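# Reading the structure
Chain by chain, the residues:
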Amino acid sequence: MNNIAYINNQPYEFVPGETMLSFLRRHKGQQSVPTLCDAPNLDPFGSCRVCCVDVALEENGRTKAMASCHSPVSENMFLYPDSENITALRRNIMELVLSDLPEESRFVMDEQPTEFQQVVQRTGITEVRYDAPGKNHFLPDTSHPYMRSDLNMCINCFRCVRACDEVQGQMVLSMAGRGYDAHIIKGMDVSFMESDCVSCGACSQACPTDAITDVFQMSELIPETVTRTVCTYCGVGCNLDVASRGDEIISITAPYDAEANGGHTCLKGRYAFKFYNHPDRLRSPMIKRNGTFTEVSWDEAYDYIVTQFNRIKSNHGPDAIAGISSARTPNEENYLMQKFMRAVIGTNNIDCCARVCHSPTALGMQRAFGTGAATNSISDLEYTDCILVIGANPTAAHPVTGAKIKQRMMKGVTGIVIDPRKIELAKYAQYHLQLRPGTNVAMLNMLLYYIISEGLEDEEFIRNRTEGYDDMKAEILKLDMDELSEITGVDKNLTREAAIAYARANAAMEFHGLGVTEQMQGTFTVQLIADLAMITGNIGKKGAGVNPLRGQNNVQGAADMGCQPHQGAGYLDVTQQEINQRYNVFYNREVPAEVGLKIPEMFDAAIEGKLKALWLIGEDVVQTDPNTLKVMKAMDSLELLIVQELFMTEAAKHADVILPGASFLEKNGTFTNGERRVQKVQQVVEPLEGTKPDGQIIVDIMNRMGYPQPDYTPEGMLEEISQIVPFFAGITWENLGTNGLQWPVKPGGIDTPMLHISEFNRGLGKFTFVDFRESNEVEKYGKDYPYIITTNRELEHYNSGVMTRRTGNVEILTEDVLLINAQDARKEGIQDGDFVCVESPRGKVDIKARISDEMKPGILSSTFHFPEVMLNIITSDEHCSEAMCPEYKVVSCRIRKSKGKYRKMMEAKEKI
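Source: prediction; values computed, not measured.

## Considerations on the overall build of the chain
- Of the regular secondary structure elements, the chain holds 29 helices and 37 strands.
- What you see for the chain is a C-alpha radius of gyration of 29 Å, in line with the 29 Å of a compact globule of 912 residues.
- Its C-alpha atoms give the chain principal-axis dimensions of about 90 × 70 × 65 Å.
- Out of the 912 residues in the chain, the part that is buried amounts to 65%.
- A separation of at least 24 residues holds for 73% of the contacts in the chain among residues at least 6 apart in sequence.
- Just so you have it, the chain exposes about 33,900 Å², and 47% of that area is on carbon and sulfur atoms.
- Charged side chains in the chain number 91 positive and 122 negative. The centres of these two groups are separated by 3 Å.

## Side note on the side chain of Thr875
- For Thr875, the location among the structural elements is in the loop between β36 (859-862) and β37 (891-897).
- Classification of Thr875 by relative accessible area gives buried; the value is 1%.
- The contacts of Thr875, once residues within four sequence positions are left out, are Pro626, Asn627, Thr791, Arg842, Tyr888 and Val891.

## Things to note about the pattern of salt bridges
- This structure, assessed with the given rule, holds 45 salt bridges.
- Between Arg289 and Glu300 there is a salt bridge, with the nearest N and O atoms lying 2.6 Å from each other. In this pair, Arg289 is assigned in strand β13 (residues 286-289) and Glu300 in helix α7 (residues 298-316), connecting sequence segments 11 residues apart.
- Overall, the relative accessible area of 37% leaves Arg289 in the partly exposed class.
- Classification of Glu300 by relative accessible area gives partly exposed; the value is 33%.
- Among the ionic pairs, Asp700 bridges to Lys692, the shortest N-O distance being 3.1 Å.
- Taking relative accessible area as the criterion, Lys692 reaches 22% and is therefore assigned partly exposed.

## Details of the environment of Ser199
- With respect to the helices, strands and loops of the structure, Ser199 is situated in the loop between β8 (183-186) and α5 (202-206).
- For Ser199, a relative accessible area of 2% translates into the label buried.
- Between the C-alpha atoms of Ser199 and Ser174, which are 25 residues apart in sequence, the distance is 16 Å.
- When near neighbours in sequence (up to four residues on either side) are disregarded, Ser199 contacts His144, Leu267, Tyr271 and Ile812.
- Only 2.9 Å separates the side chain of Ser199 from the side chain of His144, close enough to count as a polar contact.

## Notes on the sheet that holds strand β5 (residues 78-80)
- If you walk across this open sheet you meet the five strands as β2-β1-β5-β3-β4, and the pairing is mixed. Both outer strands of the open sheet, β2 (10-13) and β4 (64-67), are each paired with one neighbouring strand and no more. The sheet shows a mean angle of 40° between the axes of neighbouring strands, taken without regard to direction.
- Looking at chain direction, strand β1 (residues 4-7) and β2 are connected through four bridges and run antiparallel. Directly across from Ile7, in β2, lies its bridge partner Gln10.

## Focus on the sheet that holds strand β29 (residues 677-681)
- The strand order β28-β29-β30 describes an open sheet built from three strands, whose pairing is antiparallel. The strands lining the two open edges of the sheet, one partner per strand, are β28 (669-672) and β30 (741-742).
- Judged from the two bridges that link them, β29 and β30 form a sheet pairing that is antiparallel. When the bridges of β30 are listed, Val678 appears paired with Leu741.
- Strand contacts of helix α8 (residues 331-345): β28 and β29, with the helix running at about 95° to β28, the strand carrying the most contacts.

## Focus: the packing of α8 against helix α24 (residues 694-704)
- Packing of α8 against α24 brings their axes to within 9 Å, and their N-to-C directions diverge by 20°. With respect to their mutual orientation, α8 and α24 come out roughly parallel. Note on packing geometry: the crossing formed by α8 with α24 is left-handed. In this structure, α8 uses Glu333, Leu336, Met337, Lys339, Phe340 and Val344 to contact α24, whose residues at the interface are Asp694, Gly695, Ile698, Val699, Ile701 and Met702.
- Considering only residue class, the contact of α8 with α24 consists of eight nonpolar, one polar and three charged.

## Some details on the packing of aromatic side chains
- Within this structure, the stated rule accounts for 24 aromatic pairs.
- Each ring, one from Phe369 and one from Phe760, has its centre 5.2 Å from the other, and the planes form 10°; the classification is stacked. Here Phe369 is found in the loop between α9 (359-368) and β17 (386-390), whereas its partner Phe760 is found in the loop between β30 and β31 (765-766), with 391 residues between them in sequence.
- According to the relative accessible area criterion, Phe760 is buried, its value standing at 2%.
- An aromatic cluster is present here, built from Tyr146, Phe216, Tyr271 and Phe273 joined pairwise through their rings.
- Over the ring of Phe192 we find Lys186, and its NZ or CZ is 4.6 Å from the ring centre.
- Lying over the aromatic face of Tyr798, Arg793 brings its terminal NZ or CZ to 4.3 Å of the ring centre.

## Topic: the packing of helix α12 (residues 440-453) against helix α14 (residues 469-476)
- Interhelical geometry of α12 versus α14 gives an angle of 105° and a closest axis separation of 10 Å. Here α14 runs roughly perpendicular to α12, going by the angle between their axes. On α14, the residues that touch Asn445, Leu448, Tyr449 and Ile452 of α12 are Tyr469, Lys473 and Ile476.
- Each residue belonging to the contact of α12 with α14 can be placed in one class, and the counts come to five nonpolar, one polar and one charged.

## A few points about the pairing of β17
- Where burial is concerned, most of β17 is hidden: five out of the five residues are buried.
- Residue alternation in β17 divides its side chains into two sets, Cys386, Leu388 and Ile390 and Ile387 and Val389, and both sets are buried.
- Pairing of β17 with strand β21 (residues 508-512) involves five bridges; the strand directions are parallel. Residue pairing across strands places Leu388 opposite Glu510, the latter belonging to β21.

## Considering the environment of Val167
- Among the structural elements, Val167 can be located in helix α4 (residues 159-168).
- Taking the C-alpha atoms as reference, Val167 lies 22 Å from Ala508; in sequence the two are 341 residues apart.
- Other than its neighbours up to four places away in sequence, Val167 contacts Asn41, Leu42, Arg162, Ala202, His264, Ala403 and Gln407.

## Thoughts on α12
- The terminal C-alpha atoms of α12 lie 20 Å apart, and with 14 residues this matches the ideal 20 Å at 1.5 Å per residue to within 8%.
- In terms of burial, α12 is largely enclosed, as 12 of its 14 residues are buried.
- For α12, every residue scored as buried is listed here: Asn440, Val441, Ala442, Met443, Leu444, Asn445, Met446, Leu447, Leu448, Tyr450, Ile451 and Ile452.

Conventions used here
- Residues numbered from 1 in each chain as written.
- Predicted model: local features only at pLDDT ≥ 70, side-chain atom pairs only at ≥ 80, totals over all residues.
- Heavy atoms only, no water.
- Helix = DSSP H or I, 4+ residues; strand = E, 2+ residues; numbered from the N terminus.
- Rg over C-alpha atoms; globule rule 2.2 N^0.38 Å.
- Buried < 20%, exposed > 50% of the residue type's maximum accessible area, 1.4 Å probe, protein only.
- Contact = heavy atoms within 4.5 Å.
- Areas by Shrake-Rupley, 256 points an atom, 1.4 Å probe, with all protein chains shown as cover.
- Lys, Arg positive; Asp, Glu negative; His and termini not counted.
- Charge placed at Lys NZ, Arg CZ, Asp CG, Glu CD.
- Salt bridge = Lys/Arg side-chain N within 4 Å of Asp/Glu carboxyl O.
- Polar contact = N/O pair within 3.5 Å; in protein donor to acceptor, adjacent residues only side chain to side chain.
- Pairing = 2+ DSSP bridges.
- Axes fitted to C-alpha atoms, helices over the stretch in contact; angles between N-to-C directions.
- Parallel < 35°, antiparallel > 145°, perpendicular 65-115°, else oblique.
- Left-handed = near helix turned anticlockwise from the far one by under 90°.
- Nonpolar A, V, L, I, M, F, W, Y, C, P; charged D, E, K, R; others polar.
- Phe/Tyr/Trp six-rings, centres within 6.5 Å; stacked < 30°, edge-to-face > 60°.
- Lys NZ or Arg CZ within 6 Å of the ring centre and 35° of its normal.
- Expected span 1.5 Å × (residues − 1).

Take a look at the structure:
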């Protein structure tokens, strides 16, 4: 029998290439060998030597002490992890380490022992023979809202430095000094708050002594329970271990065995959870009477809603009612919301925030491939030779995936960034194609042109697996590269080099975000991205594919569940007779067969008086949707606006009825991340008194309107969903396990990490040619409004910031700012920190300037995290011509130094 090594003379099988430490722990348990410098998500380091084991080449033969963390095990090797020699060695090492700590701290044993204290306890050492005073000269660092350090407790294991380097890639921590004076520093020996720390907490989780920790890990409360759940912020789908005691959440860490995030998370996932019991949480249903909200019972709120729905449906028909579901809520709740609208109300007027972010992705990829979801898994980054990032800023918006991309680029993988901003990844990419906003189609056509003209097509893939190539090629070769270079503002030679690099890679992996979708030609851009992947054969293999970076945590799932007006649960076309009949039978109701209203159409219909009622769940359309004044008018034109929320959002202020929902920490269900991974969301604490899980609220109203729906449970809902959504056929609550399953999932729980391996969902992949068209916004207003402002997202906040503004994140990033090039600032007489009036044809806002080299002259950028600015007052009604996704990324405007009331108000606020 091959691959056999021995532990204390007993034979065990090893995996080729496995380290001794992994081998020993796999067979003898995690605690079988103590370590100090080793961590599951870090490369072997071998500095502490506590993990040493005796190694012999024959049974009871002559031994040699070897560091098990980085030494590979081999055939017929004999390991003795606890020999007398090793026990003495470990005690001596630990004694030396302890001598470097303050005397009063050496043998302290907390009620929750640190990893270091556990190793001290395991080695059995109780005294230090060396006459050393230990460290006592470092002042604790309490400068940061979350991060803390007391370097007197540091054992110089380098785990924090390596976590910062290897996991996050931020390079903030390093070692300074020599010998006894060796110590960890942040940046150029500054505080956490002054450094470039991104507050991911990787160093805190890695530190074995609590020399670096955080305000939550320092809690004296001992957790009763640790619950595994999934983060509520972005589409990465990070798993979280949430420690709680009773109904109080103590801290959050990232489980090392999580396939989605592997022991890492960002500051939002790890630290921004205190919103869950914030005093601002809504705690009672409310009805607006005479312009004032009045708290009412749940029964009264339900009775009012049902009465109004029945009245409106009777007087104006079911299509006078609409619903907007939430990509922040689980699949099961989204499924129930679309079912309510279709089976109970009788309308297809159902949509969700996927409309305003990734609807062009779904439509474009469905046209090209037959499936509108990521083709590959994030883990494929380990196999790629080239990473293409288009219209996305992953290190800010999808931080864990962004860190992985950054790590690969830092290690030499070819990087191509196509973005108007000089985003962080642009620093590490070989090619940054800094195009003008709105010119993605022109840029992609240039890339396709050079791939064809250089003869770099994958002819076999094109011949066997695609259609429409010859027509596309003929149109591409007619294009003038000088003209497109002028349109995009990118040198054609640089574009040619990037195209060749992408095409020559053995495997090239594409990622795109809202900079692709939130434009007039968004759907067409996605189709051209598909062209780019197909022309080079980068589909159906590891390290390749087209991989949208989904915005919110469950954008993928909300669309999967049917929260869109043209497709029901499972992306089934509601207008097809066969599909319609299937829904009729399954829901035991006659379901409408006409396409319903998309979100922008709902607003228009409300203003026109055709739409009378809207049920809005978990989406602040007033702050986040474009053309704020129009959205407010639409809300105020309704006879009935129901807002189901955690907080009194800008949209909730316009409501007739407010229903207090539950946060992700207070409910059960599933989220589907950007790689189609369906994962368990598990309740950590009970819903706040007076609130209810959103799924149960929908069920309650369904029953009151005469539709029998069992009480909400994730098990029951998944059983129902699996019968109507084809790619959920094999999903049950039980078989999701710890890391979930990637759809499509066949009966028996067999999932699909990669799509389109041998055949596309539509049969043959479809090539499409699309010519560039200037945005209507620029065509109509560019002369009088010569600047273009594009919206973005910052790391610390999420969309409208409703949750993060109620956490310590608001101490790190306190306001929205306007990024402006120095050349434009000089021309307009604007200095850094000045308030700037930004005006578009829709209105104007005042916002503080930050002079930056991120933007080219003529291009501005900002966020809409804070309601004080309400940036979407200036954004437009323009949208993707195919999917009606708003064009947030191309807004014509003009600027001047502000003299308005807002500037004075903000200055007064700062003084306070």
